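# Fold and geometry: a report
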Amino acid sequence: MIITIASFKGGVGKTTTAVHLATYLAGKAPTLLLDGDENRSATAWAQRGSLPFRVADERQAAKLGREFEHLVIDTQARPNQEDLKALAEGCDLLIIPSTPDVLALDALILTVEALKGLRNVSYRVLLTIVHPRPNKDGDEARATLEELKIPTFKGCVHRLIAFQKAALKGVPVNQADDARAWSAWNDYEQIGEQILP
């Protein structure tokens, strides 16, 4: 399976999503995360610690890709229309992370509009960095996406400090030293189960 993570807006948890979905898939079969972000955030994450999958530069895809059953691609932020088309057509599932704030949703809608003319493209939105209740931003964002008939994952990824601790240690969040680490991992595990049960 090839999963691509892309967004027109930065700061929406793109690399965090790539790392944790690769962690989930690595529990099923050998998985490679291709780091296509200019900042090489996934590569830096891996260099600080130990991840249960391999991370490589996207330019190594042709050589390494056939050694792995699953590929997760962390793309550069703000791809242009042509890049987005190539990314969407070159994967089994395009995941578009978005925070529930208005500016991120505006960027998300632009991304979805850009995808509308493409054939045989499978994509879903993942709401990320969602504040816990009583904040209702996540619920309101989901209602907006449903109203616009935009395919969205059930559940969301909550805003938890455990993700920052995991990135600093170079491990998946389920290995972070934080009381909420398993709750954070559960968010991504639920998303992973919707991709590959």
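Since this is a predicted model, take the numbers as computed values, not measurements.

## Quick notes on the packing of aromatic side chains
The final tally for this structure, using the stated rule, is one aromatic pair. With a centroid separation of 5.8 Å and 90° between ring planes, the pair formed by Phe 163 and Tyr 188 is classed as edge-to-face. With Phe 163 in helix 7 (residues 161-169) and Tyr 188 in helix 8 (residues 181-195), this pair connects stretches of sequence that are 25 residues apart. By relative accessible area, Phe 163 is classed as buried at 10%.

## As for the sheet that holds strand 1 (residues 2-5)
Whenever strands of a sheet pair, they do so through backbone hydrogen bonds, lying parallel or antiparallel. Across the sheet, six strands lie side by side as 3-2-4-1-5-6; this open sheet has parallel pairing. Each edge of the open sheet is held by one strand with a lone partner, namely strand 3 (54-57) and strand 6 (123-127). Across this sheet, the average inter-strand angle for adjacent strands is 25°, counted without regard to direction. Direction of pairing for strand 1 relative to strand 4 (residues 70-74): parallel, over a ladder of four bridges. The partner of Thr 4 across the bridge, within strand 4, is Ile 73. Contacts from helix 2 (residues 41-48) reach strand 2 (31-35), strand 3 and strand 4, with the element oriented near 125° to strand 2.

## Considerations on the nonpolar core
Core analysis: the largest hydrophobic core is formed by 34 residues, its most contacted members being Leu 33, Ile 95 and Ile 195. Among the elements of the structure, strand 1, helix 1 (14-26), helix 2, strand 5 (93-98), helix 7 and helix 8 are those that each provide at least two residues to this core. Counting residues in hydrophobic clusters, the runner-up holds 23 residues, among them Leu 105, Val 112, Val 121 and Tyr 123.

## A look at the side chain of Asp 37
Within the element layout of this structure, Asp 37 appears in the loop between strand 2 and helix 2. Assessed through its relative accessible area of 7%, Asp 37 is described here as buried. In this structure the side chain of Asp 37 is engaged in a polar contact, spanning 3.4 Å, whose partner is the side chain of Lys 14.

## So, a negative patch on the surface
Taken together, Asp 101, Asp 106, Asp 137 and Glu 140 make up a surface patch of like negative charges. Its location among the elements puts Asp 106 in helix 5 (residues 102-115).

The rules behind the values
Residues numbered from 1 in each chain as written. Predicted model: local features only at pLDDT ≥ 70, side-chain atom pairs only at ≥ 80, totals over all residues. Heavy atoms only, no water. Phe/Tyr/Trp six-rings, centres within 6.5 Å; stacked < 30°, edge-to-face > 60°. Helix = DSSP H or I, 4+ residues; strand = E, 2+ residues; numbered from the N terminus. Buried < 20%, exposed > 50% of the residue type's maximum accessible area, 1.4 Å probe, protein only. Pairing = 2+ DSSP bridges. Axes fitted to C-alpha atoms, helices over the stretch in contact; angles between N-to-C directions. Contact = heavy atoms within 4.5 Å. Core = buried A, V, L, I, M, F, W, Y, C linked by side-chain atoms within 4.5 Å. Polar contact = N/O pair within 3.5 Å; in protein donor to acceptor, adjacent residues only side chain to side chain. Patch = residues over 30% accessible without salt bridge, like charges linked within 9 Å, V, L, I, M, F, W, Y side chains within 5 Å. Areas by Shrake-Rupley, 256 points an atom, 1.4 Å probe, with all protein chains shown as cover. Salt bridge = Lys/Arg side-chain N within 4 Å of Asp/Glu carboxyl O. Lys, Arg positive; Asp, Glu negative; His and termini not counted. Charge placed at Lys NZ, Arg CZ, Asp CG, Glu CD.

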